Amino acid sequence: MNSGGSLTTRRGIAIGRNGIFRVRGSGTSVGIGSVGNGDGFWLQKEGGILCVNIDDDDTGVTPIFIDEVDTSNGSAGDVVFENGALLYVDFSDASNLGTYTVMEWEGSVTDNGLEFHPDVNTDVWSFEIDPTD
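Let us look at the structure shown here. In this text the structure is predicted, and so the values were computed from the model without any measurement. (Residues numbered from 1 in each chain as written. Predicted model: local features only at pLDDT ≥ 70, side-chain atom pairs only at ≥ 80, totals over all residues. Heavy atoms only, no water.)

### Topic: the packing of aromatic side chains
- Across all of its chains, the model carries three aromatic pairs by this definition.
- Look at Phe91 and Trp125: their rings are 4.9 Å apart centre to centre, the planes differ by 40 degrees, and that puts the pair in the tilted class. With a gap of 34 residues between them, Phe91 in strand β9 (residues 86–91) and Trp125 in the segment after β12 (115–116) connect regions that are remote in the sequence. Exposure class is identical for Phe91 and Trp125. Each is buried.
- Between Phe116 and Phe127, the aromatic rings sit 5.0 Å apart at their centres with planes inclined by 90 degrees, giving edge-to-face as the arrangement. With Phe116 in strand β12 and Phe127 in the segment after β12, this residue pair connects regions lying 11 residues apart in the sequence. (Phe/Tyr/Trp six-rings, centres within 6.5 Å; stacked < 30°, edge-to-face > 60°. Helix = DSSP H or I, 4+ residues; strand = E, 2+ residues; numbered from the N terminus. Buried < 20%, exposed > 50% of the residue type's maximum accessible area, 1.4 Å probe, protein only.)

### Here we look at the sheet that holds strand β4 (residues 29–32)
- With respect to topology, four strands assemble into an open sheet ordered β1-β4-β7-β10, the strand pairing being parallel. Two strands bound the open sheet, and with one partner strand each, they are β1 (6–8) and β10 (103–105). Looking at each pair of strands side by side, their axes are set apart by 15 degrees on average, direction ignored.
- Sheet analysis places strand β7 (residues 64–66) next to β10, joined by three bridges and oriented parallel. (Pairing = 2+ DSSP bridges. Axes fitted to C-alpha atoms, helices over the stretch in contact; angles between N-to-C directions.)

### A few points about the environment of Phe41
- Inspection of the secondary structure puts Phe41 in the loop between β4 and β5 (42–44).
- It is 18 Å that separates the C-alpha atoms of Phe41 and Cys51, two residues lying 10 residues apart in sequence.

### Quick word on the sheet that holds β12
- The four strands are arranged β3-β6-β9-β12 in an open sheet whose pairing can be described as parallel. The sheet is open, and its two borders are formed by β3 (20–24) and β12, each paired with just one other strand.
- Alignment of β3 against strand β6 (residues 49–54), held across five bridges, turns out to be parallel. Residue pairing across strands places Arg22 opposite Cys51, the latter belonging to β6.

See below:
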């Protein structure tokens, strides 16, 4: 199942409590800060949900890319997950077992407590934040 489409922004994304940012499958393109000369950023607050649906093709999901356009800005391309930020993952259609990259960034990442949404089956899913990318 591919939803297709793309999203590119001039600046960043802030997901507040009960806000949802959803990526469905690999037929998408998501570039945060990839338009114009503004740097991208990702700020996910307590209760904000990143929802990722994996499809059945080779890549499973298109990664969200947080772009650093201006290297003179010290916080450019950064990602911050506040305590209680939520990650929801599931399959869009059939199971496509594997390892998936959900997000890439050019700045730094701060993880103050990203956790799975309560509806995620943690017997099936796990996640790891690699601070280098």
